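# Commentary on secondary and tertiary structure
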Amino acid sequence: MSLDTRAPETTASRAPRSARPARRPAVERRPVLGAFAVLGYIVMIVPILFVVAAAFSGGDSLKFPPDSFSLKWFVAAAAYKPFMASLLQSTELAALATLLALVLGVPAALALERGRLRGKAWVQGLFLSPLIVPELVVGLALYQQLIAALGVSSFAALLVGHTALLIPYAVRVTGASLALADPFVEEAARGLGAGPLKVFTSVTLPLLRPGIVSASLLGFVTSFNNVPLSLLLQGRKFATLPVTMLDYVQQSYDPMIASMSTLILAATVLVAMLAERAVGFAKIFGGINR
Amino acid sequence: MLSKKSALMLLAPGVVFIVLGFCVPALMLLFAPPGVTAGDVIARLGRMLQDPYDLAIIWRTVGLGLLVTVLSVAFGFPIALLLARSTSRWAGLLLALAIFPLLLSNVVRTYGWLVLLGKNGVIGQIATALGLPAPQLLYTETAIVLGLLQLFLPLAIISCYSAVAQVDGGLEDAARGLGASRTRALWTVTLPLSLPGVVVAATLVFAGSTTAYTTPYLLGGSNQRMLATQLFNYSSVSIDWAGASAVAIIMTALVFLVSAASAALAGRKGSVA
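Residues numbered from 1 in each chain as written. Chains lettered and ligands numbered in written order. Predicted model: local features only at pLDDT ≥ 70, side-chain atom pairs only at ≥ 80, totals over all residues. Heavy atoms only, no water.

### As for the confidence of the model for chain A
Residues and elements named next belong to chain A. Going by this rule: A residue's pLDDT is the confidence the predictor assigns to it, expressed on a 0 to 100 scale. Helix and strand assignments come from DSSP, with helices taken as H or I runs of at least 4 residues and strands as E runs of at least 2, each series counted from the N terminus. We call two residues in contact whenever any of their non-hydrogen atoms come within 4.5 Å of each other.
When pLDDT is averaged across chain A, the result is 85; 88% of the residues are at 70 or more. Model confidence for chain A, summarised as mean pLDDT per element, is weakest for helix H1 (residues 2–6) at 39 and strongest for helix H6 (residues 81–114) at 96. Segment residues 1–28 is flagged for pLDDT under 50; beyond a separation of four residues in sequence, or across chains, it makes 31 contacts in the model.

Given below as structure tokens:
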């Protein structure tokens, strides 16, 4: 949670410091740490920049520097049916799984934060358990038990898997925003004569809102980008975008993947900016990393 | 506060879903894959642990996982420390830049290494321009390590950042004022106090890098198999359920072992992460 407590403070805490002699930037003062940090950023960011550069290539194979500048691979990616079909299906799956995870997870977070229950730690552990088992293993288990043994459709199995994966985020992130709020506000509303439904809609729900927004954004992105879970569960009728892209890399060495990746990058930047405006970018991750 | 009855009613749908949609299938994986008995799975697991080819895959997974963990902390901790202590106006942007990759698809992030390390990639072209033979970088363990480091560094930074930000910067100043060098203050004050966060970072990175699929698939190819790519191979190419289950058990056991060790370590330090 320290991420979000810090963010709003930066402007306030800078004011008194400016009275002291100006500090030099941290990187200059600590050359060894600074060198490690620069290398770290290079590893994180540089490959992404080269994906963008390759996307504007005019050549037919991935080559650097590209032979010519062109937008033709963007046009090709937008016209490539498997990409567009799986883009729609991934969006649909991510939206439904996020919704379902919230519908199941928010009441659970409410009960865990506000309920008088014995064995709370166990129930909490149960809700977080899908995070501990490797996703590929969950995918294999659901493939064997739902698709192979019961004949469930690929889409239904994907929905179950993705929802199970997102529930821990929903419970944790909304629980964190609830834990920050004073439960006596709800008691007070009750004491003033509000019924349980009225208390929920006019007090609890507004308290939950930042958590729900964070959990929705995080859930959607997590599901949309998922590979290990979708890998074994998707079938001929229903395919997700990341797995379709992986298959394409195996077949062809042309820069179409770079263009598709650049489009995804642009959309992700948009989501990040949306998150920044809605709840604060760093806050989204504050809730899952305590 | 909610009454016991309404709390249970709120919990019930979620509990039922997790138990039926996750716990039961995950346990069945161990005891009853379709058409195979638990005995077959255990026997297969036993043979795997004696077979040199399978053991090489297990050790490669563990070894690369440990290497990526050490590197992630070595690069992630300095970044977290500098960001947490910096008064620069760029710190906020740099923090956002470190977190942003977590939102971006692993396929997109990993594909960058194909552009860099591939046959006609950036590094190969530079080598050729210099008159050197183009090095084989793709489909090597080096490529896998670079790819995994890129993937998990943001996670390490966030965990270390939470811990470092909670350590009072005044303590470092005090150590410095008492005559400790900057390096000594870091190693004897800041690092020990932020150790719980470092342990969390290491656990998350190890669990993630030993179970990641996209990276070894794209950057390791078929000659640098890891447990994740081997599991896919058994379940989708050779349709060997006992083999797939056995690999799944090894992968899960590895993650559980490390999580338990880290929880024990955190408990002993008297602080829970």
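Now that the structure has been shown, we can carry on.
### Things to note about the interface of chain A and chain B
Note: interface size is frequently given as the accessible area lost on complex formation between the parts. Convention followed: Buried area is understood as the total, over both parts, of accessible area removed when two parts are fitted together, assessed with a 1.4 Å probe. By salt bridge we mean one thing: a side-chain nitrogen of Lys or Arg within 4 Å of a carboxyl oxygen of Asp or Glu. Whenever two N or O atoms come within 3.5 Å, that pair is a polar contact, provided that in protein one can donate a hydrogen and the other can accept it, and provided that, for residues adjacent in sequence, both atoms are side-chain atoms. Amino acids are sorted into nonpolar (Ala, Val, Leu, Ile, Met, Phe, Trp, Tyr, Cys and Pro), charged (Asp, Glu, Lys and Arg) and polar (every other residue, Gly among them).
With 91 residues of chain A in contact, the opposing surface of chain B contributes 100 residues. For the pair chain A and chain B, the summed buried area comes to about 8,600 Å², and 76% of that belongs to carbon and sulfur atoms. If you look at where chain A meets chain B, you find zero salt bridges. Applying the counting rule to chain A against chain B returns two residue pairs in polar contact (both at pLDDT 80 or more). Here the element with the most residues in the side of chain A that touches chain B is helix H4 (residues 31–55) of chain A; it accounts for 16 residues. Classifying every residue of the side of chain A that touches chain B by side-chain character gives 63 nonpolar, 14 polar and 14 charged.

### A short note on the packing of H6(A) against helix H11 (residues 196–225) of chain A
Residues and elements named next belong to chain A. Selection criterion: For every element, the axis is a line fit to its C-alpha atoms; helices are fit only across the contacting stretch, and the angle between N-to-C directions ranges from 0 to 180 degrees. Any angle that is under 35 degrees is reported as roughly parallel, and any over 145 degrees as roughly antiparallel; angles of 65 to 115 degrees are reported as roughly perpendicular and all others as oblique. We call a crossing left-handed when the near helix sits turned anticlockwise from the far one by less than a right angle, and right-handed when that turn is clockwise.
It is at 9 Å that the axes of H6 and H11 come closest, and there the two elements cross at 140°. Overall, the two elements H6 and H11 adopt an arrangement that is oblique. Crossing handedness for the pair H6 and H11: right-handed. Side by side, H6 and H11 meet where Leu87, Ser90, Thr91, Leu93, Ala94, Ala95, Ala97, Thr98, Leu102, Val106, Leu110 and Arg114 of the first sit next to Phe200, Thr204, Leu207, Leu208, Ile212, Ala215, Ser216, Gly219, Phe220, Ser223 and Phe224 of the second. When grouped by side-chain class, the residues that make up the contact of H6 with H11 number 15 nonpolar, seven polar and one charged.

### Some details on the nonpolar core
We count it as follows: We call a set of buried Ala, Val, Leu, Ile, Met, Phe, Trp, Tyr and Cys residues a nonpolar core when their side-chain atoms join them within 4.5 Å. Exposed residues in this analysis have more than 50% of their type's maximum accessible area, buried residues have under 20%, and partly exposed residues fall in between, with area computed by a 1.4 Å probe over protein chains only.
Counting 162 residues, the largest nonpolar core has A:Phe83, A:Phe127, B:Tyr111 and B:Leu231 as the members making the most contacts within it. Here this core gets 15 residues from one element, more than from any other, and that element is helix H7 (residues 141–166) of chain B. Here A:Phe83 is in contact with A:Ala77, A:Leu241, A:Thr244, A:Met245, A:Tyr248, A:Met256, A:Ile257 and A:Met260, once residues within four sequence places are set aside.

### Comments concerning the packing of aromatic side chains
All names here are of chain A. To keep things clear, this is the line we draw: Side-chain rings of Phe, Tyr and Trp, where Trp is taken by its six-membered ring, are said to pair if the distance between their centres is within 6.5 Å; with planes under 30 degrees apart they count as stacked, over 60 as edge-to-face, and otherwise as tilted.
All chains considered together, the criterion is met by eleven aromatic pairs over all chains. Ring centres of phenylalanine 56 and phenylalanine 69 lie 5.7 Å apart, and the angle between their planes is 5°; this geometry places the pair in the stacked category. Of the two residues, phenylalanine 56 sits in the loop between H4 and helix H5 (72–79) while phenylalanine 69 sits in the loop between H4 and H5, which places them 13 residues apart along the sequence. Seen from their ring centres, tyrosine 80 and tyrosine 248 are 5.3 Å apart, and the 70° between their planes marks the pair as edge-to-face. Of this pair, tyrosine 80 sits in the loop between H5 and H6 while tyrosine 248 sits in helix H13 (residues 241–251), and the two are 168 residues apart along the sequence. With a relative accessible area of 24%, tyrosine 80 lands in the partly exposed category. Given the relative accessible area of 8%, tyrosine 248 is considered buried.

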